[in-house]
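Listed below are the residues making up each chain.
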Amino acid sequence: MSYGIPAAEPSADIPVCPRHPDRPSYVRCQRCGRPACPECQRAAAVGFQCIDCVNELKRSTPAARSALGGTLSTGRPLATYVLIGLCVLVYALQWLIPGNVVEDQLFFASGYAAPQYGAFEPWRMLTSAFVHSQGFVLHIVLNMYMLWIFGQVLEPVLGRLRFLAVYVLSAIGGSVGFMLLTPIMPGTAVEGASGAIFGLFGALLVIQSRRGGDTRQLWILIVINGVIGFVVPGIAWQAHLGGVVTGALCAAVIVFAPRGPRQALLQTAGMALVAGILVLATVLRVTAG
């Protein structure tokens, strides 16, 4: 016959980990002085700290911010990669789903969503930035390349949320520019991320100018791409113009907001004002017919 032998409990004189009372620990946290078992130890500048002190320090330490108010982030530009991933996903669905089902649901047409729907659908002003031409593969390739290049520059400077806000508003601004400058007629539609990409052009131009940097190459890039929109058929220069103006306005709001505790509030209010201008322009154009 065998008898179970209970495990020996730590003596009251032996220090134990507060999180794991069954584990003796002779290593104490350098911050609070409590014992910490190996699982709860975190390396510090001198010795170790317990996991509770490390978490408390993270909560109490404000996030490092750039001069423009964005949270400084290291590593890969995740927001840029997400935007690229969404465009590639939609493009793959365009090929996988027979017909033009995906494209018909997402593109934007001047004045109205599409002739076959006969009603204005404002969300298309954004969704059109994620659909690209199936008949011209370079359409998505060039747009994603430019998004990758400029996203790596702007996202760390602006911060992820501000970068996404500039991109989204520029995409909508491109649709607004197309709607304002294009006659309302069947078959006149726009799709692609070009308006949002031009918004990034405009944003970087304002930021570089504010910093006193050299903007000549950026001007050349904008002029070349702008001229291509007038020379090559099928390119919506109106969306490019609307995007670059919107992106520049968003960046101006961000860079000219004075630093301080109200910086984020002023930037948010300014971006909301830009969005309000886009909404007002859209309403006036639609009601005017």
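Look above for the structure.
Source: prediction; values computed, not measured.

Draft legend 1. Looking closely at the overall build of the chain. Check the secondary structure of the chain and you find 10 helices and 4 strands. Tracing the chain from N to C terminus, the helices and strands come up as β-β-α-α-α-β-α-α-α-β-α-α-α-α. Among the 289 residues that make up the chain, the fraction classed as buried is 42%. Look at the contacts in the chain between residues 6 or more apart in sequence, and 62% of them connect residues 24 or more apart. Counting only carbon and sulfur atoms, one obtains 67% of the accessible surface of the chain, whose full area is about 16,200 Å².

Draft legend 2. Main features of the packing of aromatic side chains. Per the stated rule, a full pass over the model turns up 4 aromatic pairs. Between Tyr-91 and Trp-95 the ring centres are 6.3 Å apart and the planes differ by 80 degrees, which places this aromatic pair in the edge-to-face class. A residue pair is termed a helical-turn pair when its members lie 3 or 4 positions apart in one helix, as Tyr-91 and Trp-95 do in helix 2 (residues 78-96) at 4 residues. Its relative accessible area of 10% is what places Tyr-91 among the buried residues. Given the relative accessible area of 51%, Trp-95 is considered exposed. Three or more aromatic residues joined by ring pairs make a cluster, and in this case those are Phe-150, Phe-198 and Phe-201.

Draft legend 3. Structural detail: the environment of Leu-284. As for its placement among the helices and strands, Leu-284 is situated in helix 10 (residues 263-288). Sequence separation between Leu-284 and Leu-180 is 104 residues; the distance between their C-alpha atoms is 9.6 Å.

Draft legend 4. Fine view of the packing of helix 7 (residues 194-211) against helix 8 (residues 216-231). Between helix 7 and helix 8, whose axes approach to 10 Å, the crossing angle comes to 155 degrees. The pairing of helix 7 with helix 8 is recorded here as roughly antiparallel in orientation. Crossing of helix 7 over helix 8 shows left-handed handedness. Each of Phe-198, Phe-201, Leu-204 and Leu-205 in helix 7 lies in contact with helix 8, whose residues at this interface are Leu-218, Trp-219, Leu-221, Ile-222, Asn-225 and Gly-226. When its residues are assigned to classes, the contact of helix 7 with helix 8 shows 8 nonpolar, 2 polar and no charged.

Draft legend 5. Quick peek at the nonpolar core. Leu-147, Leu-154, Phe-163, Val-166, Tyr-167 and Leu-200 are the most contacted members of the largest nonpolar core, which has 52 residues in total. Where this core is concerned, the elements lending two or more residues are helix 2, helix 3 (101-106), helix 5 (138-158), helix 6 (160-181), helix 7, helix 8, helix 9 (237-256) and helix 10. Not counting residues up to four positions away in its chain, the partners in contact with Tyr-167 are Leu-83, Leu-147, Ala-193, Ala-196, Ile-197 and Leu-200. Grouped together as the second largest cluster of nonpolar side chains are 8 residues, Cys-17, Ala-36, Cys-40 and Cys-53 included.

Draft legend 6. The layout of surface pockets, seen in detail. Taken as a whole, the largest pocket holds about 840 Å³ of empty space. In terms of lining residues, the largest pocket is bounded by 38 residues, among which His-139, Asn-143, Ser-194, Ile-235 and His-240 are the most central. Top element by residues in the lining of the largest pocket is helix 7. It accounts for 6 residues. For the lining of the largest pocket, the class distribution of residues is 22 nonpolar, 13 polar and 3 charged. Each pocket or cavity is described by its volume, and for the second largest pocket that value is around 180 Å³.

What counts, and at which threshold
- Residues numbered from 1 in each chain as written.
- Predicted model: local features only at pLDDT ≥ 70, side-chain atom pairs only at ≥ 80, totals over all residues.
- Heavy atoms only, no water.
- Helix = DSSP H or I, 4+ residues; strand = E, 2+ residues; numbered from the N terminus.
- Buried < 20%, exposed > 50% of the residue type's maximum accessible area, 1.4 Å probe, protein only.
- Contact = heavy atoms within 4.5 Å.
- Areas by Shrake-Rupley, 256 points an atom, 1.4 Å probe, with all protein chains shown as cover.
- Phe/Tyr/Trp six-rings, centres within 6.5 Å; stacked < 30°, edge-to-face > 60°.
- Axes fitted to C-alpha atoms, helices over the stretch in contact; angles between N-to-C directions.
- Parallel < 35°, antiparallel > 145°, perpendicular 65-115°, else oblique.
- Left-handed = near helix turned anticlockwise from the far one by under 90°.
- Nonpolar A, V, L, I, M, F, W, Y, C, P; charged D, E, K, R; others polar.
- Core = buried A, V, L, I, M, F, W, Y, C linked by side-chain atoms within 4.5 Å.
- 1 Å grid on protein atoms, 1.4 Å probe; cavity = no way out; pocket = protein on both sides within 12 Å on 5 of 7 lines; lining within 4 Å.
- Points joined across faces, edges and corners; volume = space filled by probe spheres on them.

As far as function goes, none of this settles anything; it's purely spatial.
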